[in-house]
Amino acid sequence: MRLSGEERERLEALIRKGRSPAQRLLKARILLKADVSQAGAGWSDSRIIKALETSVSMVYRVRKQLVEEGFEAVLSRKQRATPGVARIFDGEKEAKLIALACSKPPKGRARWTLRLLEKKVVELKIVDRASDSTIGNVRSFV
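The written sequence of each chain sets the order in which its residues are numbered from 1. Reporting of local features is limited, given that this is a predicted model, to residues whose pLDDT is at least 70; pairs of side-chain atoms are given and counted only at 80 or more, and all residues count toward the totals for whole chains, interfaces and linings. For the side-chain quantities, the full set of heavy atoms in the structure was used; hydrogens and water were omitted.

Structural notes on the packing of aromatic side chains
Then comes step 1: The rule is short: rings of Phe, Tyr and Trp, with Trp giving its six-membered ring, pair when the centres are within 6.5 Å, and they are stacked under 30 degrees, edge-to-face over 60, tilted in between. Tallying each qualifying case throughout the model produces zero aromatic pairs.
Then comes step 2: Note on criteria: charge over ring means Lys NZ or Arg CZ within 6 Å of the ring centre, with the direction from the centre no more than 35 degrees off the ring normal. The ring of Trp-43 is capped by Lys-33, whose NZ or CZ atom sits 4.5 Å from the centre of that ring.

Listed below in structure tokens is the structure:
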């Protein structure tokens, strides 16, 4: 793998600043160590793995991504096409949750808690399942 002078400068600046996420800095170091140009170290994968205390798969993925997707793709975070976990509350269900939270709390309670809301939304079949953290993450409560 051969880096251009401009690519090397960009990677070196990224590492010097040290303000990027650790994963991006690791990828930059891998690319610099693997570079076989005159300015590069041209290290073997095993030497990179040992020196940077990383895995075989990490070095492999960085090299593969560079070849398949290009320099920019290695340094930028890939956006998922779909969220990792589907949202439980859509707009309508969220509105029902908010209405419930604004209603009178259960007898013997001064207010609704996240756990009480969690149980009630399932009991009322607003959603099939929920957790108190899911209830707390509904954007209207933030």
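Points about helix α3 (residues 45–52)
Then comes step 1: Residues of α3 that are buried: Ile-48, Ile-49 and Leu-52. End-on, the buried residues of α3 take up no more than an arc of 100°, which puts them together on one face. Across α3 from its buried face, at more than 90 degrees, point the exposed residues Ser-46 and Lys-50.
Then comes step 2: Contact criterion: two residues are considered in contact whenever any of their non-hydrogen atoms come within 4.5 Å of each other. Elements are defined by DSSP. Helices are runs of H or I of four residues or more, strands are runs of E of two residues or more, and each kind is numbered from the N terminus. Lining the buried residues of α3 we find α2 (22–34) and α4 (56–69). Summary of the burial criterion: residues with accessible area below 20% of their type's maximum are buried, those above 50% are exposed, and those between are partly exposed, where the area comes from a 1.4 Å probe applied to protein chains only. Here the arc refers to the directions that run from the helix axis out to each C-beta atom.

What to know about the side chain of Gln-65
Then comes step 1: Note on placement: Gln-65 falls in helix α4.
Then comes step 2: Classification of Gln-65 by relative accessible area gives buried; the value is 15%.

As for the packing of helix α6 (residues 91–102) against helix α7 (residues 114–123)
Then comes step 1: Close contact between α6 and α7 brings their axes to 11 Å; oriented N to C, the two are set at 125°. The pairing of α6 with α7 is recorded here as oblique in orientation. The two elements α6 and α7 cross, and the hand of that crossing is right-handed. Side by side, α6 and α7 meet where Leu-97, Leu-100 and Ala-101 of the first sit next to Leu-117, Lys-120 and Val-121 of the second.
Then comes step 2: Each residue receives one of three labels: charged for Asp, Glu, Lys and Arg, nonpolar for Ala, Val, Leu, Ile, Met, Phe, Trp, Tyr, Cys and Pro, and polar for the others, Gly being one of them. Each residue belonging to the contact of α6 with α7 can be placed in one class, and the counts come to five nonpolar, no polar and one charged. Under this scheme, a helix contributes an axis fitted over its contacting stretch, all axes are lines through C-alpha atoms, and angles between N-to-C directions fall in the 0 to 180 degree range. Any angle from 65 to 115 degrees is called roughly perpendicular, while one under 35 is roughly parallel, one over 145 is roughly antiparallel, and all others are oblique. By convention, the crossing between two helices is left-handed when the near helix turns anticlockwise from the far helix through less than a right angle, and right-handed when the turn is clockwise.

Overview of α6
Then comes step 1: For α6, spanning twelve residues, the distance from its first C-alpha to its last is 16 Å, which sits close to the expected 16 Å at 1.5 Å a residue.
Then comes step 2: Taken residue by residue, α6 has Glu-94, Leu-97 and Leu-100 as its buried positions. The arc enclosing the buried residues of α6, seen along the axis, measures out at 120°, which places them on a common side. In α6, the exposed positions angled more than 90 degrees off the buried face are occupied by Gly-91, Glu-92 and Cys-102.
Then comes step 3: We define a polar contact as two N or O atoms separated by no more than 3.5 Å, with the added condition that, inside protein, one atom must be a possible hydrogen donor and the other a possible acceptor, whereas residues neighbouring each other in sequence contribute only through side-chain atom pairs. Its side-chain oxygen placed 3.2 Å from the backbone nitrogen of Glu-92, Asp-90 serves as the N-cap of α6. Every helix has an expected span of 1.5 Å times one less than the residues it contains.

Some thoughts on the environment of Gln-23
Then comes step 1: Tracing the chain through its elements places Gln-23 in helix α2.
Then comes step 2: Relative accessible area serves as the criterion here: at 45%, Gln-23 is assigned to the partly exposed category.

Shape descriptors only; they carry no functional weight alone.
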